[in-house]
Amino acid sequence: GLQTKRGCAFKCVYCEHPRIDGKIYRLKSPQRVVDEIIEAQKVWQLDYFFFVDSVFNFPTNHACTICEEIIRREVKIKWYANVNPVGISDEMASLMARSGCIGADVGIDVASAELLERMGKGFTQADIANASACYHKAGIATSFQLLLGGPGETRETITDGFKFLESMPQPDNILTVFGI
């Protein structure tokens, strides 16, 4: 695991990350992140990394600059990260793939439009569908996390969420946890 920043500015109603890491991002320089990758490769012969940030792709410019630095320095790695569906574009997904990203753990937590709003996720079903399509085009495996049992969740919102997920490019994995 490798951390590129601390802090989380998102306002999900149940999440501990802003309380633990703070709401203000404290960023490692992209050069330092890549230095740490290179050092780990030398010392432990590692070629696989997991970016353990609560959300790797925010701030977006920081995530893109890390990817660009990996490419610029010709570091050969495979990596995976926790991501948010907001702001993902074909260009960003392609950049992630070129830098070695093989998987994105997309923390949607819920999939119905009603629960996305109620849980303070800050994104919509359209954002989820777009991110899924972008990662699919870039050849990046996706895993969606669902947390069932949130405030106001019903059989209907669960059904609506699963119907929505069935309507878009399928993730490679859906992790479902009961009880938020």
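One can find the structure itself at the top, above this paragraph.
Sequence positions are assigned chain by chain, starting from 1 and proceeding in written order. Owing to the predicted nature of the model, reporting of local features is limited to residues with pLDDT of at least 70; listing and counting of side-chain atom pairs is limited to 80 or more, with chain, interface and lining totals taken over all residues. Neither water nor hydrogens contribute to the side-chain values; these are computed over all heavy atoms in the structure.

Overview of the pattern of salt bridges
Using the following cut-off: Each salt bridge in this description consists of a side-chain nitrogen of Lys or Arg and a carboxyl oxygen of Asp or Glu lying within 4 Å of one another. A run of H or I in DSSP becomes a helix once it reaches four residues, and a run of E becomes a strand once it reaches two; helices and strands are each numbered from the N terminus. Relative accessibility under 20% of the residue-type maximum defines a buried residue, over 50% an exposed one, and the middle range a partly exposed one, all with a 1.4 Å probe and only protein chains included.
On inspection of all chains with the given rule, the structure shows 10 salt bridges. Residue Asp53 pairs with Lys5 through a salt bridge whose shortest N-O separation is 2.7 Å. A residue pair is termed long-range when its members are at least 10 positions apart, and Asp53 in the loop between strand 3 (48-51) and helix 3 (60-72) and Lys5 in strand 1 (residues 5-6) qualify at 48 residues. Comparing Asp53 with Lys5 shows no difference in burial state: the two are buried. Here Glu36 ties to Arg32 by a salt bridge, and the two come within 3.1 Å at their closest N and O atoms. Separated by four residues within a single helix, Glu36 and Arg32 lie in helix 2 (residues 30-44), roughly one turn from each other. Judged by relative accessible area, which is 24%, Glu36 ranks as partly exposed. It is possible to trace a salt-bridge network through shared partners that takes in Asp35, Glu69, Arg72 and Arg73.

Here we look at empty space enclosed by the protein
Filter applied, for reference: Cavities and pockets are found on a 1 Å grid laid over the protein atoms alone: a cavity is a set of points where a 1.4 Å probe fits but cannot escape, a pocket is an open set with protein on both sides within 12 Å along at least five of seven lines, and a lining residue has an atom within 4 Å of such a point. Grid points are joined across faces, edges and corners, and a volume is the space filled by probe spheres set on the points. Note that Gly is not counted as nonpolar here; it falls among the polar residues with everything else outside the nonpolar set of Ala, Val, Leu, Ile, Met, Phe, Trp, Tyr, Cys and Pro and the charged set of Asp, Glu, Lys and Arg.
Per the counting criterion, the structure on display carries one cavity of 30 Å³ or more. In this structure, the largest cavity occupies an estimated 80 Å³ of space. What lines the largest cavity is Val110, Ala111, Ser112, Leu115, Leu146, Leu148, Glu153, Thr157, Ile158, Gly161 and Phe162. Taken together, the residues that form the lining of the largest cavity break down as seven nonpolar, three polar and one charged.

Re the packing of aromatic side chains
The test is simple: What counts as a ring pair is set by centres within 6.5 Å for rings of Phe, Tyr and Trp (its six-membered ring), and what kind of pair is set by the plane angle: stacked under 30 degrees, edge-to-face over 60, tilted for all other angles.
In total, this model carries four aromatic pairs according to the counting rule given. Ring centres 4.9 Å apart and planes at 25° place the aromatic pair Phe51 and Phe56 in the stacked group. The same class applies to Phe51 as to Phe56, namely buried. Relative to Trp79, the ring of Phe56 has its centre 5.0 Å away and its plane inclined at 55°; by these criteria the two rings are tilted. On the criterion of sequence distance, the pair formed by Phe56 in the loop between strand 3 and helix 3 and Trp79 in strand 4 (residues 78-83) is long-range, its members being 23 residues apart. This pair shows no difference in class: Phe56 is buried, exactly as Trp79 is. Through a chain of ring-to-ring contacts, the aromatic side chains of Phe51, Phe56 and Trp79 assemble into a single cluster.

What about the environment of Val83?
We count it as follows: In this analysis, two residues are considered to be in contact whenever any of their non-hydrogen atoms come within 4.5 Å of each other.
Note on placement: Val83 falls in strand 4. Classification of Val83 as buried rests on a relative accessible area of 3%. Between the alpha carbons of Val83 and Leu175 there is a distance of 15 Å; along the sequence they are 92 residues apart. Residues within four places of Val83 in sequence aside, it is in contact with Val55, Phe56, Asn57, Met96, Ala104, Asp105, Val106, Gly107 and Tyr135.

Some thoughts on the environment of Glu16
Within the fold, Glu16 resides in the loop between strand 1 and helix 1 (17-21). C-alpha separation for the pair Glu16 and Phe144, spaced 128 residues apart in sequence, amounts to 19 Å.

Topic: the sheet that holds strand 5 (residues 101-109)
Formally: Two strands pair if DSSP finds at least two bridges between them. To obtain an axis, a line is fitted to C-alpha atoms, over the contacting stretch when the element is a helix, and the angle between two such axes runs from 0 to 180 degrees between their N-to-C directions.
One open sheet holds the five strands; their spatial order is 3-4-5-6-7, and the pairing between them is parallel. Strands at the two margins of the open sheet, each flanked by one partner only, are strand 3 and strand 7 (173-178). On average, each strand axis in the sheet is inclined to that of its neighbour by 15°, with strand direction left out of account. Across five bridges, the pairing between strand 5 and strand 6 (residues 141-148) is parallel. Across the sheet, residue Asp109 finds its bridge partner in strand 6, namely Leu146.

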